[in-house]
Amino acid sequence: MEESSGKAGNTPSALPNRRDKRTPMVLLTRKVEFAASHLYHNPNLSAEENRRIFGKCNNPHGHGHNYTLEVTVEGEPDPVTGMVLDLKELKEILEREVMQRMDHRHLNYELVELAGQIPTCENIARVIWQLLEPKITQGRLHRVRLYESPDLFADCYRNSANAARPS
Amino acid sequence: MSGALKIELGRRYRFSASHRLHSPHLSEEENCRVFGKCNNPYGHGHNYVLEVSMSGNVDPATGMIANLSDLDAFVELQVLDEFDCKSLNEDVPAFRDRVPTTENLCIEIFQRLKTFPKAKLERIRVQETGNNSFEYAGDNPEGNQS
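Sequence order as written defines residue numbering, which begins from 1 separately in each chain. For naming, the first written chain is A and the first written ligand is 1, with later ones following in the order written. The model is predicted, so local features are restricted to residues of pLDDT at least 70 and side-chain atom pairs to those at 80 or more, both for listing and for counting; the totals for chains, interfaces and linings are taken over all residues.

1. Description of the overall build of chain A
Every helix listed is a DSSP run of H or I at least four residues long, and every strand listed is a run of E at least two residues long, numbered separately from the N terminus. Broken down by element type, chain A carries five helices and five strands. In chain A, the succession of helices and strands from N to C terminus is α-β-α-β-α-β-α-α-β-β. Within chain A, the proportion of its 167 residues that are buried is 28%. Note on contacts: each residue gets a C-beta atom placed from the backbone, and two residues are in contact if those atoms are within 7 Å. Considering only residue pairs separated by 6 or more positions, chain A has 66% of its internal contacts joining residues 24 or more positions apart. Using C-beta atoms placed from the backbone, we call a residue buried if 20 or more other C-beta atoms fall within 10 Å of its own, exposed if 12 or fewer do, and partly exposed for counts in between.

Below is the structure:
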């Protein structure tokens, strides 16, 4: 495992071996659901502009969704446990970082991480990434997908221009 | 911080269309063997689900990559108006000389959507049935990441 370069590069089997160093990457996804309310309103825009841009989502009393969050972690299964990370631990992280902050909350008024931002799917997905990424210490966060409805979702990834991503 | 992360907007659309898989380059027997039931001369149909993924900067003023109403109008014009309740073989010029498999359908839809002016098309996924789906990211290697 440790020596697949150097002279080994001359043997026919060397190339697959080198590639194999990266291939046992497995993606693990856990899904949770939470219910929250929000509204879209930018105080820097006029009432007419807010209505034009955000439409029904600008209703001042807000509205709500059942959000579905899919969190995907990438990593090599541990040879002893066969796990990328302990699902129970991921469940606890999601409970602590996401559910307690967002479930049955008003995202405009109760989620400090979103202060000053419009609580769109895009922005909530990014906040969730930023909350989860430092907490996941086994494997690493690969994707956050947040569904606002079955037909609308946002994905958040590490930008491949800034970091190599196993494919 | 946002430069280190990539955000994509995903949106699902539905359309129903008929098709027949048949290649003029194959004999009747070969068509029958290769395409099986899908070669039925009268065609058949599916309820397709189209999933579109767009990337771009999240506008701080709106919190959006693209306004959904702009994206919906574009997809409506480019794809749904042309494909919904149509025969892919007869009504879509691209399939006059190409077999309307869902692979080719992906390529055709990608071509139609990649000119969306307000965000970058990353990839599309077309679900033909609950058990079959196909993805296409054009020549965009970053699109193949889900």
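2. Overview of the confidence of the model for chain A
All names here are of chain A. For chain A, per-residue confidence averages 86 on the pLDDT scale, and residues scoring 70 or more make up 82% of the total. Within a predicted model, pLDDT stands for the predictor's per-residue confidence, ranging from 0 to 100. No element of chain A has a lower mean pLDDT than helix α1 (residues 14-20), at 45, and none a higher one than helix α5 (residues 121-132), at 98. Note that pLDDT drops below 50 for residues 1-19; the model gives that stretch seven contacts with residues more than four away or on any other chain. Every residue in residues 163-167 is under pLDDT 50, and counting partners more than four places away or in other chains gives seven contacts.

3. Describing the interface of chain A and chain B
Contact residues are listed per partner, giving 27 residues for chain A and 22 residues for chain B. Elements with a minimum of two residues in the side of chain A that touches chain B: α5 and β5 (152-158) of chain A. With seven residues, β5 of chain A is the single largest residue contributor to the side of chain A that touches chain B. Looking at the side of chain A that touches chain B residue by residue, the classes come out as eleven nonpolar, nine polar and seven charged. Where β5 of chain A and strand β1 (residues 5-19) of chain B come together, seven bridges link them in antiparallel fashion. Following the sheet pairing, phenylalanine 153 of chain A is matched in β1 of chain B by glycine 10 of chain B. Amino acid classes used here: Ala, Val, Leu, Ile, Met, Phe, Trp, Tyr, Cys and Pro are nonpolar; Asp, Glu, Lys and Arg are charged; the rest, including Gly, are polar. Strands are labelled as partners when DSSP assigns at least two bridges between them.

4. Quick notes on the nonpolar core
Residue and element names in this part refer to chain A. Judged by nonpolar contacts, the single largest core of 54 residues is most densely connected at Ala125, Ile128 and Leu146. Among the elements that take part in this core, α5 stands out by supplying seven residues, more than any other. In plain words, the nonpolar core is the set of buried Ala, Val, Leu, Ile, Met, Phe, Trp, Tyr and Cys residues that C-beta atoms within 7 Å link up. Listed in part, the five residues of the second largest apolar core include Leu39, Ile53, Phe54 and Ile118.

5. Remarks on the packing of helix α3 (residues 87-102) of chain A against α5 of chain A
A packed helix pair is summarised by two numbers, namely the angle formed by the two axes and the spacing between the axes. All names here are of chain A. Orientation is described by lines fitted to C-alpha atoms, with helices fitted over the stretch in contact, and by angles between N-to-C directions that extend from 0 to 180 degrees. Remark: α3 packs on α5, axes separated minimally by 10 Å, with the N-to-C direction vectors making an angle of 130 degrees. Between α3 and α5, the angle is such that the two are oblique. Crossing of α3 against α5: the hand is right-handed. For the pair formed by α3 and α5, the contact residues are Ile93, Glu97 and Val98 on the first element and Ile128, Leu131 and Leu132 on the second. Among the residues forming the contact of α3 with α5, the class breakdown is five nonpolar, no polar and one charged. The scheme is simple: roughly parallel for angles under 35 degrees, roughly antiparallel for over 145, roughly perpendicular for 65 to 115, oblique for anything else. Crossings are assigned a handedness: left-handed for a near helix turned anticlockwise from the far helix by less than a right angle, right-handed for a clockwise turn.

6. Description of the pairing of strand β1 (residues 26-38) of chain A
Put simply, side chains in a regular strand alternate between the two faces of the sheet. Residues and elements named next belong to chain A. Where β1 lies against strand β2 (residues 63-75), 13 bridges are found, and the strand directions are antiparallel. Within β2, the residue paired with glutamate 33 across the bridge is threonine 68. Bridge count for β1 against strand β3 (residues 105-106) is two bridges, and the pairing is parallel. Its bridge partner being in β3, alanine 36 is matched across the sheet by arginine 105.

7. Description of the confidence of the model for chain B
With 94% of its residues at a pLDDT of at least 70, chain B reaches an overall mean of 93. Scored as a complex, the prediction yields pTM 0.83 and ipTM 0.81.

8. Describing α3 of chain A
Residue and element names in this part refer to chain A. One axis is fitted to the seven residues ending at the residue and one to the seven starting there. The bend at that residue is the angle between these axes. Along α3, the sharpest change in direction is near 40 degrees and occurs at glutamate 95. Within the span of α3, buried status applies to Leu90, Leu94, Val98 and Met102. Tucked inside the fold, the buried residues of α3 contact β1, β2, β3, α4 (107-110) and α5. Note on α3: the residue one or two positions beyond its end, histidine 104, has a positive phi of about 55 degrees.

9. Quick look at unusual backbone geometry
Residues apart from glycine generally show negative phi values, whereas peptide bonds are mostly found in trans. The phi dihedral of histidine 104 of chain A falls on the positive side, at around 55 degrees, and the residue is not glycine. As for its placement among the helices and strands, histidine 104 of chain A is situated in the loop between α3 and β3. Histidine 104 of chain A sits in the exposed class, given 11 other C-beta atoms within 10 Å. We note that cysteine 85 of chain B has phi near 60 degrees; this positive angle belongs to a residue other than glycine.

10. Describing the environment of lysine 88 of chain A
Inspection of the secondary structure assignment puts lysine 88 of chain A in helix α3. Taking the number of C-beta atoms within 10 Å as the measure of exposure, lysine 88 of chain A has 9 and is therefore exposed.

11. Brief notes about the environment of cysteine 85 of chain B
All names here are of chain B. You can see cysteine 85 is positioned in the loop between α2 (68-83) and β3 (86-87). Judged by the 11 C-beta atoms lying within 10 Å of it, cysteine 85 is exposed. In the structure, cysteine 85 is positioned 69 residues away from serine 16 in sequence and 5.3 Å away in space, judged by C-alpha atoms.

12. Focus: the pairing of β5 of chain A
Residue and element names in this part refer to chain A. Within β5, five of the seven residues are buried, which leaves it mostly tucked inside the rest of the structure. Direction of pairing for strand β4 (residues 140-149) relative to β5: antiparallel, over a ladder of six bridges. Residue pairing for β5: arginine 143 is matched across the bridge by tyrosine 157. Here β4 hands over to β5 after two residues, the two strands then running antiparallel side by side.

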